[in-house]
Amino acid sequence: MREALARAHANIALVKYWGKRDEERILPMNGSISMTVDPFYVTTAVTFEDGLPEDRLVLNGLDAAAVDQRRVTTFLDRIRALARVDARAVIRSENHVPTGAGLASSSAAYAALAMAATRALGLNLSPTDLSKLARQGSGSASRSVYGGFVEWLKGNREDGEDSYAVPLAPPDYWDIRMVMAIVDSGPKSVSSRDGMRSVVETSPFYAGWQATVESDLAAVRNAILRRDFAVLGQVAEANAFKMHATTMGAVPPFTYWSGTTIEVIRRVQQMRGEGVPAYVTIDAGPHVVVLCEPQHASWVEASLAVVPGVKEVVQAGPGPDAREVDAW
Ligand code: DP6
């Protein structure tokens, strides 16, 4: 039986991946930097079996929706082509994200799937090749191959061979925390995939995003190397606000923020006034991730938990590399 079990942790970007130059290969307009996070991970078992009529994706014990099944089949087709096999697979995936919010779960999901499926077929890809492969499932998954602090190099080539993640610093290099404020969300309006397409095509503010992202990358890279928390927080927060500003210039305009998102941002600004260095970053949804140092994390957690509209608060630290595991 060709089977493997792998685990990958989610990551949260400090400089965001926002916009594709090639949708098919998932090649980004800009580089990005993230931290892989500890309590958020996905464990995936892939079993290739001859004679199966089609792939079957089971998420947390339930058959997945047709659209997710198709996306996974397209992804596995790349791996079948590499390994020169035809067999279909059963994919069982458990999402250990301690909330229903699905925060950053596609990054962990495609990194775990890339590793489990390649190992099941006896392909022992280098981390670089694994990152390129995971990227083609979901861009942010390219970064979840590594633990700690990670940069995804955008690359320039049309074939995507130079677009992959590299580790900047391992998880034990710097203990900073991400306190996630999960807010009440209405129905999910715009996926990150559709949102970034819309801003690239229609937002006049996308040019402003592109004009400053390289300097944000340099500043965040240096802040990590120097363990300079204030610079890291300031640049990451500004970068997230610029990303979200692009959505307001799109046609039609949209925002990922809810009223509670803004209340949490205000609370974090107040914290700084109270002498606690804390900064926000926000992905393609209403939840707010608050960066802080370990000595402030419990206090930040408690302060966010009482903001009206906040459903749940979870603390994360730097997490490990994607890897094969023996048990769920
Ligand atoms: C805002 O990696 O989910 O979280 O490549 O279309 O699957 P696809 O998008 P995805 O986008 C993540 C966008 C982001 C920023 C980031 O993680 O860098």
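Okay, the nonpolar core next. Here is a general trend for soluble globular proteins: nonpolar side chains tend to be buried in one another's company. Of all hydrophobic cores here, the largest spans 100 residues; its most connected members are Met178, Met180 and Leu304. At 10 residues, the largest contribution of residues to this core is made by helix α2 (residues 105–120). For this core, the two domains that each supply at least three residues are domain 1 (2–173) and domain 2 (177–316). Look past the residues within four positions of Leu304 in its chain and what remains in contact with it is Val179, Ala181, Val264, Arg267, Val268, Met271, Val290, Val310 and Val313.

Right, let's get into the domain arrangement of the protein. For an interface, size is often stated in terms of accessible area lost upon the parts coming together. The domain architecture assigned to the protein consists of domain 1 (2–173) and domain 2 (177–316). Between the C-alpha centres of domain 1 and domain 2 there is a distance of 23 Å. Across the boundary between the two partners, domain 1 contributes 34 residues, which contact 41 residues of domain 2. Looking only at domain 1, the three residues that lose the most surface to domain 2 are Leu14, Lys16 and Trp18, adding up to 28% of its buried area. Linking domain 1 with domain 2 are 3 salt bridges, by the criterion used here. One salt bridge in this structure joins Asp283 and Lys16, with 2.6 Å as the shortest N-O distance.

Another point: the site of the ligand. In the neighbourhood of the ligand, 17 residues make up the surrounding shell, with Tyr17, Lys20, Ser138, Gly139 and Arg193 lying closest. Within the contact set of the ligand, an oxygen atom lies 3.5 Å away from a side-chain nitrogen or oxygen of Arg71. Within the side chain of Ser140, an N or O atom sits 2.7 Å from an oxygen atom of the ligand. Protein chains shield 93% of the accessible area of the ligand, which is 460 Å² for the free molecule. Here the shell around the ligand gets 3 residues from one element, more than from any other, and that element is helix α4 (residues 192–202). A class-by-class count of the residues in the shell around the ligand yields 6 nonpolar, 5 polar and 6 charged.

So, on to the packing of aromatic side chains. With the rule as written, the count across this model stands at 7 aromatic pairs. Here Phe75 and Tyr110 contribute two aromatic rings whose centre-to-centre distance is 5.2 Å and whose plane-to-plane angle is 85°, an arrangement assigned as edge-to-face. Taken together, the residues Phe75 in helix α1 (residues 66–83) and Tyr110 in helix α2 connect sequence positions 35 residues apart. By relative accessible area, Tyr110 is classed as buried at 7%. Ring geometry for Phe149 and Trp174: centres 5.9 Å apart, planes at 35°, overall tilted. Remark: Trp174 occurs in the loop between β9 (165–169) and β10 (177–183) and Phe149 occurs in strand β8 (residues 149–152); sequence separation between them is 25 residues.

About the cut-offs
Residues numbered from 1 in each chain as written. Predicted model: local features only at pLDDT ≥ 70, side-chain atom pairs only at ≥ 80, totals over all residues. Heavy atoms only, no water. Core = buried A, V, L, I, M, F, W, Y, C linked by side-chain atoms within 4.5 Å. Buried < 20%, exposed > 50% of the residue type's maximum accessible area, 1.4 Å probe, protein only. Helix = DSSP H or I, 4+ residues; strand = E, 2+ residues; numbered from the N terminus. Domains from an automatic or database assignment. Contact = heavy atoms within 4.5 Å. Buried area = accessible area lost by both parts, 1.4 Å probe. Salt bridge = Lys/Arg side-chain N within 4 Å of Asp/Glu carboxyl O. Near = heavy atom within 4 Å. Polar contact = N/O pair within 3.5 Å; in protein donor to acceptor, adjacent residues only side chain to side chain. Areas by Shrake-Rupley, 256 points an atom, 1.4 Å probe, with all protein chains shown as cover. Nonpolar A, V, L, I, M, F, W, Y, C, P; charged D, E, K, R; others polar. Phe/Tyr/Trp six-rings, centres within 6.5 Å; stacked < 30°, edge-to-face > 60°.

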